[in-house]
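Here are the chains, one letter per residue:
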Amino acid sequence: MIESNNANVPKTCPFKEPGMMFSDFEQQRYAKKISFSEALGGYVVARYDDIVWHSLGFDEVKRTGADYRLIYLGRSRETMAYAEEMSQGHPTEVWTSQKRGRFDIQSFIKAQNERVQIYACGPDRLLNALEDAYRENPKVELKVERFQGLSNQAFLPNKDFSVTLGRSGRRLTVAPKQTLLEVLDQHGCGIISTCSKGTCGSCEVLVLGVYPEHRDTVLSQEEKRENKVMMPCVSRCMEQNLVLYLW
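For every chain, the first residue of its written sequence is number 1, and the numbers climb from 1 along that sequence. Per-residue local features of the predicted model are confined to residues with pLDDT of at least 70, and side-chain atom pairs are confined, for both listing and counting, to 80 or more; whole-chain, interface and lining totals are unaffected and use all residues. The basis for every side-chain value is the complete set of heavy atoms in the structure, and neither hydrogens nor water enter the calculation.

**Let's talk about the overall build of the protein**
Each helix corresponds to a stretch of at least 4 residues labelled H or I by DSSP, and each strand to a stretch of at least 2 residues labelled E; elements are numbered beginning at the N terminus. A count of helical and extended segments in the protein gives nine helices and 13 strands. Note on exposure labels: buried denotes an accessible area under 20% of the residue type's maximum, exposed denotes more than 50%, and partly exposed covers the range between, all computed with a 1.4 Å probe on protein chains only. Residue burial in the protein is summarised as follows: out of 247 residues, 49% are buried. Taking the contacts inside the protein whose residues are at least 6 apart along the sequence as the reference set, 65% of them involve residues at least 24 apart. For the protein, the accessible area works out to roughly 13,300 Å², and carbon and sulfur atoms hold 47% of it. In what follows, residue pairs with any heavy atoms lying within 4.5 Å of each other are defined as contacts. Here the Shrake-Rupley method, with its probe set to 1.4 Å, supplies the accessible areas, and only the displayed protein chains count as covering residues.

This is the structure:
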């Protein structure tokens, strides 16, 4: 499922253009994200500009032989970028509200009578509707990815906390106006970070102890409950000390 409101990708769009190469990091991360289990059916739900960014992931899914489908939503076919390319290369249903009305997400989720995975990326209204609907059907496994931070979500007030680097034993302090990522990098940890907004997942680190306060949009709710990893560019600590698998 792909939603489009624009016929052309803006010149300032941060996504890859057709024909551009992906780095090894991008290939590994995005192919992994859209890798459906061969035993399950799958849908891809994404915004129009994400089609190009994740095209490598689509091809990886195709090569596994998994049963998957793309549903592309938009006002009219004329405004839907890459509709023809995606239709030719992948099993794609192009749904235009101009001809067919608004896509019924609630009914779509309820209709899944076998276990299915849904990968979703797009505007909040689409992702929020999917998140609300999927809770009513335990056979649906939903993974969402946002390109904006959780600006409307209520978090605990920032407070100072300490972080212990489990591999070296070093203990650092994070002030309320500092991010965990800033402190880690100031002390030589060298964490890769692309967005600094909790949306890309490039700064992911392993958690060894205590409870992070997850403020990212990368991890699923289940992954956040597991507390195995966190995104230090935005996430903080629920208590006074955090332990990470770092030097």
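**Remarks on the state of the cysteines**
Any two cysteine sulfur atoms within 2.5 Å of one another count as a disulfide. Inspection of every chain in the model, using the stated rule, returns zero disulfides. Cys203 forms no disulfide, and the closest cysteine sulfur to it belongs to Cys233, at a distance of 3.7 Å. Judged by relative accessible area, which is 2%, Cys203 ranks as buried.

**Considerations on the nonpolar core**
Residues belong to one nonpolar core when they are buried, are Ala, Val, Leu, Ile, Met, Phe, Trp, Tyr or Cys, and are joined through side-chain atoms within 4.5 Å. Val163, Leu180, Leu184, Ile191, Leu242, Leu244 and Leu246 are the most contacted members of the largest nonpolar core, which totals 25 residues. Only β7 (161-165), β8 (171-174), α8 (180-186), β9 (205-209), β11 (229-230) and β13 (241-244) provide two or more residues apiece to this core. Considering every element that reaches this core, the biggest residue donor is α8, with four residues. Excluding residues that lie within four positions of it along the chain, Leu180 makes contacts with Phe161, Val163, Val174, Met230, Pro232, Ser235, Leu242 and Leu244.

**Some remarks on the packing of aromatic side chains**
Aromatic contacts are taken between Phe, Tyr and Trp rings whose centres are within 6.5 Å, Trp giving its six-membered ring; a plane angle under 30 degrees counts as stacked, one over 60 as edge-to-face, and the others as tilted. Applying the stated criterion across every chain, the model contains two aromatic pairs. Judged by centre distance (5.0 Å) and plane angle (85°), the rings of Trp95 and Phe103 are edge-to-face. For Trp95, a relative accessible area of 15% corresponds to the buried category. One aromatic cluster is present, built from ring pairs that chain together Trp95, Phe103 and Phe108.

**Considerations on a nonpolar patch on the surface**
Like-charged residues within 9 Å of one another, or nonpolar side chains (Val, Leu, Ile, Met, Phe, Trp, Tyr) within 5 Å, are grouped into patches, provided each residue has over 30% relative accessible area and no salt bridge. Salt bridges are counted wherever a side-chain nitrogen of Lys or Arg sits within 4 Å of a carboxyl oxygen of Asp or Glu. A cluster of nonpolar side chains, Leu156, Val210, Tyr211 and Met238, forms an exposed patch at the surface whose accessible area comes to about 350 Å². Looking at the element boundaries, Val210 is found in the loop between β9 and β10 (212-213).

**Here's the deal with the pattern of salt bridges**
For side chains bearing opposite charge, pairing can occur when the charged atoms are close. Tallying each qualifying case throughout the model produces six salt bridges. Measuring nitrogen to oxygen at the nearest pair gives 2.6 Å for the salt bridge that ties Arg69 to Glu93. Within this pair, whereas Arg69 is found in strand β3 (residues 67-74), its partner Glu93 is found in strand β4 (residues 92-96), the two being separated by 24 residues in sequence. For Arg69, a relative accessible area of 29% translates into the label partly exposed.

**Remarks on the side chain of Ser162**
Along the chain, Ser162 falls in strand β7. Residue Ser162 is classed as buried on the basis of its relative accessible area of 9%. Polar side-chain contacts of Ser162 include one of 3.1 Å to the side chain of Arg171. Contacts described as polar in this section are N or O atom pairs within 3.5 Å, which, within protein, must combine one atom able to donate a hydrogen with one able to accept it, while residues neighboring in sequence count only if both atoms come from side chains.

**Here we look at the sheet that holds β11**
Paired strands, in this sense, are two strands between which DSSP finds at least two bridges. The five strands are arranged β8-β7-β13-β9-β11 in an open sheet whose pairing can be described as mixed. The strands lining the two open edges of the sheet, one partner per strand, are β8 and β11. Note that β7 and β8 share four bridges and pair antiparallel. Counterpart to Thr164 in the pairing with β8 is Arg171.

**Examining empty space enclosed by the protein**
The rolling of a water-molecule-sized probe over the atoms marks out the regions of remaining empty space. Using a grid of 1 Å spacing that covers the protein atoms alone, one calls a set of points a cavity when a 1.4 Å probe fits there but cannot get out, and a pocket when the set is open and has protein on both sides within 12 Å along at least five of seven lines; lining residues are those with an atom within 4 Å of a point. Grid points are joined across faces, edges and corners, and a volume is the space filled by probe spheres set on the points. Enumeration over the complete set of coordinates arrives at one cavity of 30 Å³ or more. What the largest cavity holds in volume is close to 40 Å³. Surrounding the largest cavity, Leu156, Pro157, Asn158, Lys159, Phe161, Glu213, Arg215, Arg236 and Cys237 form its lining. Note on residue categories: nonpolar means Ala, Val, Leu, Ile, Met, Phe, Trp, Tyr, Cys or Pro, charged means Asp, Glu, Lys or Arg, and polar means any other residue, Gly included. Tallied by class, residues from the lining of the largest cavity come to four nonpolar, one polar and four charged.

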